[in-house]
Amino acid sequence: MKNIPKDFLWGASTSAYQVEGAWDADGKGPSVQDVKSGGFIAGLNIKDITDFKVAADHYNHWKEDVALMAEMGFKSYRFSINWTRIYPTGVETTPNEKGIKFYHDLIDELIKNKIEPLVTIHHFDLPNYLEEQGGWNNKELAVEAYVKYATTLFNEYKTKVKYWQTINEQNMVIMFGHLLGKRMTGVDKGEESYQMFHNMNIAQAKAILALRTIDKDAKIGPAPNISLVYPETSKPEDVLAAHNANLIRNWIYIDPFVKGEYDQILLNFWKENNYNIQMTSEEMDLFKKAKIDFIAFNYYSSMTVKAPTKDQDFVVGDQQMGFNLEGMFQSAKNSNLEKTEYGWEVDPIGFRLTARALHDRYNLPIVITENGLGAKDVLTDDGKIHDDYRIDYLRKHIEQIPDIINDGVKLFGYNPWSAIDLVSTHQGISKRYGFVYVNRDEFDLKDMKRYRKDSFYWYKKVISSNGTDLD
Ligand code: BG6
């Protein structure tokens, strides 16, 4: 058995708009997340849950939050930069200095505490101005704005940041954009969704190439949400559906940056549906050059599908609950798996299988940038949070890590979701993930005091024993 390497990056993860708050402070512009109002997502009236304006107020508590990460012994911290703190509308020609400084201070503090910053350039918070101009479907504008923004970050934080992630969960943005504050409404938008997919790929390719000229030692990769897709039965039709779903849900988001092209099955799918994706040979040539160094991936559960039927009877929930694609597959329940209270299937062996599948297809270093359990935690009168359910979930996944490494997968870090409590993408602050409890409710901001959960002490022990003490 191979052991977990000594320099394994144990840490945790957050994203800017879910944790920072200070939504209009120091020159920050509004992102698509700041202007969400009304409507239903995943069956919830968003008027019943908090917005992202104050979130966990990390913008005003970052030093204290980094101190808590250091106390847990973090070797890495995966976070994102808020695009509209740097470019308030996306189209300015010079960046907002106060935004630039905020991340310098944060990164310096992490480095001082020997915590490796794993930085996501863009995590669901497109500048709202860009969205109003067509968002990612406005190819010229969005690509130019993203590349300018990424280049600014590379120039500012070069030598300090060694690991960049281009875009968080591009696959979820394309498939579940309606949950994430975009006007896109998932794969049913067909051609429009795939045009957006291609435009985002060009932006990422250009950013990858830009980094090569700015910081030769830095590494860059995408951060998709990857779930291995199982067939519901051994019927060949179901296996074929699972193959289709793996491709459409997972692989097409990585292929261009490793294989240098789009998969033939994807091209056939576009053709069969008369999707006319505008792409030039110069654009496709970018993928021949823009290669990634590693894959960051978010894993919450596996997915199960069966052969598509006419009525597509599976009801689509949120980003982790599966979806249907006419002619390709339809989601199915996996009766072998338990579910969280939010209906997400729990599959630690699926974690190992997903890591193996990524390794088989791409043979690149891999780092986990999300994995975790959302739950309604309770703060007791004596200031404790007994989140044994979270410990149990994380333990079952961490137990797989030595096996994953022994399988030959080049796994170099584990950064679960989330370092501290933050606002869930669409279920508010009540659905908590953190090792640290942030004292606020959905609408009562209380005192924002930080409390160490039971999982905080447990994870500290996991890290100090390099993953051997999971009790
Ligand atoms: C991932 C996202 O999809 O899952 C995060 O990258 C998100 O932003 C996380 O918070 C958990 O999902 P949710 O919907 O419970 O917040």
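Since this is a predicted model, take the numbers as computed values, not measurements.

1. Some words on the site of the ligand
Inspection of the region around the ligand gives 16 residues, with Gln 18, Glu 169, Thr 425, Lys 431 and Tyr 433 positioned closest. Here an oxygen atom of the ligand and a side-chain polar atom of His 123 are 2.9 Å apart. The contact in question runs from an oxygen atom of the ligand to an N or O atom on the side chain of Glu 370, over 2.8 Å. In isolation the ligand has 380 Å² of accessible area, and contact with the protein removes 100% of it. Along the lines of polarity and charge, the residues of the shell around the ligand split into five nonpolar, eight polar and three charged.

2. Points about the UniProt feature "active site" (unreviewed entry) in the protein
Taken from the UniProt record, the annotation "active site" (unreviewed entry) applies to Glu 370. Its location among the elements puts Glu 370 in strand E12 (residues 366–370). Residue classification places Glu 370 among the buried positions, given a relative accessible area of 5%.

3. A look at the packing of helix H6 (residues 139–157) against helix H8 (residues 191–214)
With their axes 9 Å apart at the nearest point, H6 and H8 run at an angle of 30° to one another. Classified by the angle between their axes, H6 and H8 sit roughly parallel to one another. Between H6 and H8 lies a crossing whose hand is right-handed. Counting all contacts with H6, which are made through Lys 139, Val 143, Tyr 146, Val 147, Ala 150, Thr 151, Phe 154 and Asn 155, the residues of H8 involved are Gln 195, His 198, Asn 199, Ile 202, Ala 203, Gln 204, Lys 206, Ala 207, Ala 210, Leu 211 and Ile 214. Of the residues that constitute the contact of H6 with H8, the class distribution is eleven nonpolar, six polar and two charged.

4. Let's talk about the nonpolar core
Within the largest apolar cluster, 143 residues are counted, with the highest numbers of intra-cluster contacts made by Trp 164, Tyr 194 and Tyr 459. In terms of residue count, the dominant contributor to this core is H8 (eleven residues). Those residues in contact with Tyr 459, other than ones at most four positions away along the chain, are Trp 10, Gly 11, Met 72, Phe 74, Ile 398, Tyr 414, Pro 416 and Phe 435. Within the second largest apolar cluster, eight residues are counted, among which are Ala 223, Phe 294, Ala 296 and Val 367.

5. Brief notes about the sheet that holds strand E1 (residues 9–13)
Either a parallel or an antiparallel arrangement is found when strands of a sheet pair, and the pairing is made through backbone hydrogen bonds. Pairing in this open sheet of eight strands is parallel, and the strands run E7-E6-E5-E4-E1-E13-E12-E9 from one edge to the other. Strands with a single pairing partner mark the edges of an open sheet, and in this sheet they are strand E7 (219–223) and strand E9 (295–298). Ignoring which end each strand starts from, the neighbouring axes of this sheet average 30° apart. Here three bridges tie E1 to strand E4 (residues 76–80), and the two strands are oriented parallel to one another. From the neighbouring strand, Gly 11 faces E4, where its bridge partner is Ser 76. Where helix H4 (residues 97–112) meets the sheet, it contacts E4 and strand E5 (116–122), and its direction lies at approximately 170° from that of E4.

6. Some remarks on the pairing of E5
Burial of E5 is extensive: seven of the seven residues sit out of reach of the surface. Across five bridges, the pairing between E4 and E5 is parallel. Among the inter-strand pairings, Phe 79 is bridged to a residue of E5, identified as Val 119. Bridge analysis of E5 against strand E6 (residues 163–168) gives four bridges, and the strand direction is parallel. By the bridge assignment, Val 119 is partnered in E6 with Trp 164.

7. Let's talk about the pattern of salt bridges
Summed over the entire model, instances satisfying the criterion amount to 26 salt bridges. For the salt bridge of Glu 109 with Lys 112, the shortest nitrogen-to-oxygen distance reads 3.4 Å. Residue Glu 109 and its partner Lys 112 are located together in helix H4, separated by three residues, close to a single helical turn. With a relative accessible area of 60%, Lys 112 lands in the exposed category. A salt bridge links Asp 392 to Arg 395, with the nearest nitrogen and oxygen atoms 3.9 Å apart. Remark: Arg 395 and Asp 392 occur in helix H14 (residues 388–398); sequence separation between them is three residues, near one turn of the helix.

8. Looking at the sheet that holds strand E8 (residues 229–231)
Pairing is mixed in the open sheet, where three strands are placed in the order E8-E10-E11. Looking at strand neighbours, the two that pair on one side only are E8 and strand E11 (330–331), the edges of this open sheet. Each of E8 and strand E10 (303–306) is contacted by helix H9 (residues 236–250), which is oriented at about 170° to E8, the strand it contacts most.

The rules behind the values
Residues numbered from 1 in each chain as written. Predicted model: local features only at pLDDT ≥ 70, side-chain atom pairs only at ≥ 80, totals over all residues. Heavy atoms only, no water. Near = heavy atom within 4 Å. Polar contact = N/O pair within 3.5 Å; in protein donor to acceptor, adjacent residues only side chain to side chain. Areas by Shrake-Rupley, 256 points an atom, 1.4 Å probe, with all protein chains shown as cover. Nonpolar A, V, L, I, M, F, W, Y, C, P; charged D, E, K, R; others polar. UniProt positions renumbered as here; feature names shortened; annotations may be inferred. Helix = DSSP H or I, 4+ residues; strand = E, 2+ residues; numbered from the N terminus. Buried < 20%, exposed > 50% of the residue type's maximum accessible area, 1.4 Å probe, protein only. Axes fitted to C-alpha atoms, helices over the stretch in contact; angles between N-to-C directions. Parallel < 35°, antiparallel > 145°, perpendicular 65-115°, else oblique. Left-handed = near helix turned anticlockwise from the far one by under 90°. Contact = heavy atoms within 4.5 Å. Core = buried A, V, L, I, M, F, W, Y, C linked by side-chain atoms within 4.5 Å. Pairing = 2+ DSSP bridges. Salt bridge = Lys/Arg side-chain N within 4 Å of Asp/Glu carboxyl O.

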